[in-house]
Amino acid sequence: MKQIVLTLITVGILCSCSKNEDKNSETDLIGSWKLIEVLADPGDGSGTFQPVESEKIIEFTNNETVTTNSSLCEPYSEEIITSGSFSLSDNTISTNCQNPNIATLFFELEDEYLILNFISNEGYSQKFQKIN
């Protein structure tokens, strides 16, 4: 009986922690982010993030929209799409870009950074720092 009670308590604690982490991710994501580094891998996994001078800002809002002062289709297309939607359940941004490799972007929060991961054979990512 004690073992069943301890198991239920453990499961309850784990479930409540998971929900809090999801809420913190949403709270942490909402706001404006500035591009600070780019990772362009040569195809062998040896690429590292390199600093860039950029004015690119991406903003996540409470109503699951994302906007930018440049284009969500960069760097793989010159198509100008400045807004899209995002999903916290699968960490994706829907860009509406015509190129299927950038129609959906994947993101992650790593420490205090936002990482956008683009689908490519070589590997390409952008790192953003929160500005507000």
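That block above? That's the structure.
So, here's what we can say about the structure. (Residues numbered from 1 in each chain as written. Predicted model: local features only at pLDDT ≥ 70, side-chain atom pairs only at ≥ 80, totals over all residues. Heavy atoms only, no water.)

### Concerning the state of the cysteines
Argument step 1. Tallied over the entire structure, the rule returns one disulfide.
Argument step 2. Each sulfur of the disulfide joining C73 and C97 lies 2.0 Å from the other. Taking the sign of the torsion about the S-S bond as the criterion, the disulfide between C73 and C97, at about -100°, is left-handed. Of this pair, C73 sits in the loop between β4 (65-68) and β5 (83-87) while C97 sits in the loop between β6 (92-94) and β7 (104-110), and the two are 24 residues apart along the sequence. There is no split in this pair, since C73 and C97 are both buried. (Disulfide = S-S within 2.5 Å. Helix = DSSP H or I, 4+ residues; strand = E, 2+ residues; numbered from the N terminus. Buried < 20%, exposed > 50% of the residue type's maximum accessible area, 1.4 Å probe, protein only.)

### Overview of the pairing of strand β9 (residues 124-130)
Argument step 1. For β9, a buried count of five out of seven residues is recorded, marking the element as mostly surrounded by other parts of the structure.
Argument step 2. As judged from the six bridges shared by strand β8 (residues 113-118) and β9, these two strands associate in the antiparallel manner. The partner of Y113 across the bridge, within β9, is Q129.
Argument step 3. In this structure, the hairpin formed by β8 and β9 is closed by a connection of five residues, where G123 is found at a positive phi of approximately 100°. (Pairing = 2+ DSSP bridges.)

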